[in-house]
Amino acid sequence: MRMIHLLAALSLTLSLALAGGCGEKEHARPPAPGKFVRYACEIGVRSEILRQNVQIAVLLPEDYLSNPERRYGAVYLLHGLGDTHKSWNDQWLRIESTVAQCEAAGLGDMIYIMPTGFRSYYVDRIDGNFDYMKMFIEELVPYVDKTYRTLADRGHRAVVGYSMGGFGAMILPSCHPELFSVSVPLSMSFRTDEQYMSEPASGWDSQWGAIFGGKGLAAEARLTDYYKAHCPFYMFTAGNAAKYAEVAYYLDCGDDEEQLLVANDDLHRQLREIGFAHEYRVRNGAHTGDYWRGAMPEALRFIDCRFNGRPFDAPARNSYTPHKATRRTAELAGVQAQIFTPQDYDPQGSCTALYLLHDGTLPLTPDECLNVLATTQNAKPFVLIAADASAAGFSLEKFIAAAEDAFALGADREHRLCIAAGEAGRTAYAATGTNPTFKALFLLDAATDPSIAPSPEVFYFIALTDEGRNYESANELYKRCHADGIGFEYRVVDGTPADAGAAERCLEALRPTLGEKITLKQTL
């Protein structure tokens, strides 16, 4: 094994990718004396395994030259299909400015290495003609550790990637936990077995078949043993999970992804079912550079915590200005309720009603919930009616009728919204079946009944924590809405169901959509 740096003019000690610019020149001149450029992308590395040069870009810490005795953790950044080593610092991802902003907010210094991944999915081809993973493990990592002042141990190596690079970020640390301690797949490009078996022949053959075998084949014949050896669904089983326990995993995928969220969410569900610890996020967005750039601050904080042995704590709770709604209590259909009317509440008008149904386990009070939602209420007034749906004798139909009679609420579906938490989700979700009661249902770490089909007349917002109790029903409802073309949003945030901060983050996530669904009051 031999690696040759194409920028031979730089000394090995200072071959810290000081070459400025990102032109197509194969050779670059050394920088002017004293000049330090953090980011360089004209670095060519010779691979004897691949029998060609591998281009890499490198982003160094600000103090790399001024602190010559210091060593740093290494973060490998893997690009997606059709991109190159330069894509991480293009006009969408802008890794240089993203890292600088994160450092200003307290992120520790690290070295970032961005290799060209070709169309390899960062694994060795089944036919042995392009052993990319072997090159990465046997040539690239040793080269980086020899050339740059890294902390050359598994505890200070992480892999992050988007799309195809997300698959690499999962597979490299999983196959080589002796070298890496952190895996951060963003919008990981992979499929369920069912998706692979139904993939059009052209897509399968060009993107997957040539790498994993099964080229030219269809249906189950595509699921080769080599594919299964590199598929997270077959790797992370109850019998195999212990192999990967030393790697810290952070997965993130947007809810507007067409196929990828199905696979990523199914994997999250499988990891939950076998009790495998991991971080998981679903945010608003699609397969875009904006989405991946938005994922990086928390992902880098996760890596920094792992490198430095610190706990990865959830964000601190926000401070909210107390709401100005008028709060009162009333008995509605035999159930005690709390009612919050906005400052400009007009008892002669027809207001949108937002029902907050819980089961007594919601870690926020109705007042705290309204504090999070107050900006929406100020912009589009609504009346909040909160009640424990697990109370004896609770009837949603009677409860709504009593509320509409008492508080000048719009007595039609367009004026009814519902936030349901915990087991109260079952009651609220059942009311969106035939002849649905609500215009939109916001499920807050809530249970649902999979035997009831979601209604195309209702908008569903599914929000829960990555350690939530109801991850299975959330997964089922999301996939059914996605498959049937029913309007939905899906969010997964950090935390546990008992964490008030996590409940706030769920409410923050649903707040913009809530505002869109409120029907403004109309004078009768």
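Just above sits the structure.
The structure reproduced in this document is the subject of the present report. (Residues numbered from 1 in each chain as written. Predicted model: local features only at pLDDT ≥ 70, side-chain atom pairs only at ≥ 80, totals over all residues. Heavy atoms only, no water.)

Soluble, globular proteins show a tendency: their nonpolar side chains are buried together. The biggest cluster of nonpolar side chains holds 111 residues, and the ones touching the most others in it are Tyr76, Phe136, Tyr355, Ile385 and Tyr490. Excluding residues that lie within four positions of it along the chain, Tyr490 makes contacts with Asp255, Leu261, Asp265, Val282, Arg283, Ile462, Leu464, Ala474, Asn475 and Tyr478. (Core = buried A, V, L, I, M, F, W, Y, C linked by side-chain atoms within 4.5 Å. Buried < 20%, exposed > 50% of the residue type's maximum accessible area, 1.4 Å probe, protein only. Contact = heavy atoms within 4.5 Å.)

Moving on, we come to the packing of aromatic side chains. Following the criterion strictly, the structure yields 35 aromatic pairs and no others. Note on Tyr355 and Phe438: the rings are 6.2 Å apart at their centroids and 55 degrees apart in plane angle, and the pair reads as tilted. Placement of the pair is Tyr355 in strand S12 (residues 352-358) and Phe438 in the loop between helix H12 (424-430) and strand S15 (440-446), with a sequence separation of 83 residues. Judged on exposure class, the residue Tyr355 and its partner Phe438 are both buried. Following the ring pairs from residue to residue traces out a cluster consisting of Tyr121, Phe167, Tyr196, Trp204, Trp208, Phe212, Tyr226, Tyr227 and Tyr234. In this arrangement the basic side chain of Arg283 is found over the ring face of Tyr291, its NZ or CZ atom lying 3.8 Å from the centre. (Phe/Tyr/Trp six-rings, centres within 6.5 Å; stacked < 30°, edge-to-face > 60°. Helix = DSSP H or I, 4+ residues; strand = E, 2+ residues; numbered from the N terminus. Lys NZ or Arg CZ within 6 Å of the ring centre and 35° of its normal.)

For the rest of this paragraph, the subject is the pattern of salt bridges. One pass over the structure, following the stated rule, counts 28 salt bridges. Glu103 is the partner of Arg38 in a salt bridge, and the nearest nitrogen-oxygen pair spans 3.1 Å. With Arg38 in the segment before strand S1 (39-47) and Glu103 in helix H1 (residues 95-104), the pair connects residues that are 65 residues apart, well separated along the chain. Just as Arg38 is buried, Glu103 falls in that class too. Between Asp109 and Arg70 there is a salt bridge; the shortest N-O distance is 2.8 Å. Of this pair, Asp109 sits in the loop between H1 and strand S4 (110-115) while Arg70 sits in the loop between strand S2 (52-59) and strand S3 (73-78), and the two are 39 residues apart along the sequence. Through salt bridges with shared partners, a single network forms among Glu279, Arg281, Glu298, Asp466 and Asp494. (Salt bridge = Lys/Arg side-chain N within 4 Å of Asp/Glu carboxyl O.)

Buried residues dominate S4, accounting for 6 of its 6 residues. Direction of pairing for S2 relative to S4: antiparallel, over a ladder of 4 bridges. By the bridge assignment, Val58 is partnered in S4 with Ile113. Relative to S4, S3 is paired through 4 bridges, and the arrangement is parallel. Directly across from Val75, in S4, lies its bridge partner Tyr112. Following the chain from S3 across H1 to the adjacent parallel S4, one finds a crossover that is right-handed. (Pairing = 2+ DSSP bridges. Right-handed = clockwise from strand over helix to strand, strands pointing away.)

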